[in-house]
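# Structural overview
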Amino acid sequence: MRTERGLSRLVGFSDGVVAIAITLLVLPLVTAATQVDVDAGTFLVENAYQLLVLVLSFAVIGRFWIAHHQLYENVIAYKPSLLWATLLWLLTIVFLPFPTQLLATADRDSRITYGLYIGTMVLTALAALLQQWIVVRNPDLQNPEVRGTLDVASYATIAGALIVCLLLAVLVPGVGLLSLLLLFVSGPIESLIRRKQRKKP
């Protein structure tokens with residue numbers, strides 16, 4: 001088991017990588033803005049879809065970071081498996097700006113592009129689930145105040161919902177990003193799972 005100082009460095013490194021990845025989202029628009037000679041209104045209209053995808057990806061990365069932050073609020077130490085799971089999670093985070101740009105500039109009806117975009121989110125969710133599973137399986141990594149109360153329900157629900165989103169986007173023509181609306185039902189599903197767990201003796 002590693003020290004508290006090492007854990008702080010791990011969390012700090014993770015925050016820095018996420019900050020860089022979320023900043024990379026806007027760079028293509030910044031570059032495009034320096035190469036046009038139209039007014040701001042016209043530029044915004046012409047790049048409205050790219051702005052929409054940027055905001056969506058910003059929200060996605062932000063939501064993943066919030067979940068990561070909440071997890072590590074309950075962690076007091078780490079082990080090599082948790083370190084490698086975190087690096088895997090960070091790899092998917094830094095990769096997301098690439099399919100974001102593809103989605104904004106390439107063929108918007110390409111199911112391959114949608115698959116790459118949502119598939120990256122699936123990998124991020126699975127890497128987050130792996131981190132949570134490692135923490136749950138190792139009570140010595142947990143803050144004594146929450147020891148024995150953590151589970152993987154929320155992470156498993158989000159990962160499952162994203163897998164369904166991916167299948168819909170790739171297999172059903174015309175669905176595309178609309179499949180992500182399914183994520184709005186992940187909360188109620190998680191609540192249902194928790195109610196059933198509380199009913200168990």
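Above this text sits the structure in question.
What you see is a predicted model, and the numbers here were worked out from it, not measured in a lab.

Rules used throughout
Residues numbered from 1 in each chain as written. Predicted model: local features only at pLDDT ≥ 70, side-chain atom pairs only at ≥ 80, totals over all residues. Heavy atoms only, no water. 1 Å grid on protein atoms, 1.4 Å probe; cavity = no way out; pocket = protein on both sides within 12 Å on 5 of 7 lines; lining within 4 Å. Points joined across faces, edges and corners; volume = space filled by probe spheres on them. Helix = DSSP H or I, 4+ residues; strand = E, 2+ residues; numbered from the N terminus. Patch = residues over 30% accessible without salt bridge, like charges linked within 9 Å, V, L, I, M, F, W, Y side chains within 5 Å. Areas by Shrake-Rupley, 256 points an atom, 1.4 Å probe, with all protein chains shown as cover. Salt bridge = Lys/Arg side-chain N within 4 Å of Asp/Glu carboxyl O. Buried < 20%, exposed > 50% of the residue type's maximum accessible area, 1.4 Å probe, protein only. Polar contact = N/O pair within 3.5 Å; in protein donor to acceptor, adjacent residues only side chain to side chain.

This part covers empty space enclosed by the protein. Evaluation of the coordinates by the stated rule reveals two cavities of 30 Å³ or more. Lining the largest cavity we find Leu 25, Leu 29, Gln 50, Val 53, Leu 54, Thr 100, Gln 101 and Ala 104. Elements with a minimum of two residues in the lining of the largest cavity: α4 (48–72) and α6 (97–105). Volume-wise, the second largest cavity comes out at about 40 Å³. Forming the boundary of the second largest cavity are Phe 64, Ala 67, His 68, Leu 71, Trp 89, Ala 128, Gln 131 and Tyr 155. Mapped by element, the contributors of at least two residues to the lining of the second largest cavity are α4 and α7 (111–137).

Let's shift gears to a nonpolar patch on the surface. On the surface, a cluster of nonpolar side chains totalling about 700 Å² of accessible area is made up of Leu 88, Leu 91, Val 94, Phe 95, Phe 98, Leu 116, Leu 130 and Trp 133. Taken together, the elements giving at least two residues each to the nonpolar patch come down to α5 (80–95) and α7. The element contributing the most residues to the nonpolar patch is α5, with four residues. One can find Phe 95 in helix α5. Its relative accessible area of 35% is what places Phe 95 among the partly exposed residues.

Positionally, Asn 138 belongs in the loop between α7 and α8 (153–171). In this structure the side chain of Asn 138 is engaged in a polar contact, spanning 2.9 Å, whose partner is the side chain of Lys 79.

Turning to its location among the elements, Gly 115 is positioned in helix α7. The spacing of Gly 115 and Val 170 is 55 residues in sequence and 5.8 Å in space, taken between C-alpha atoms.

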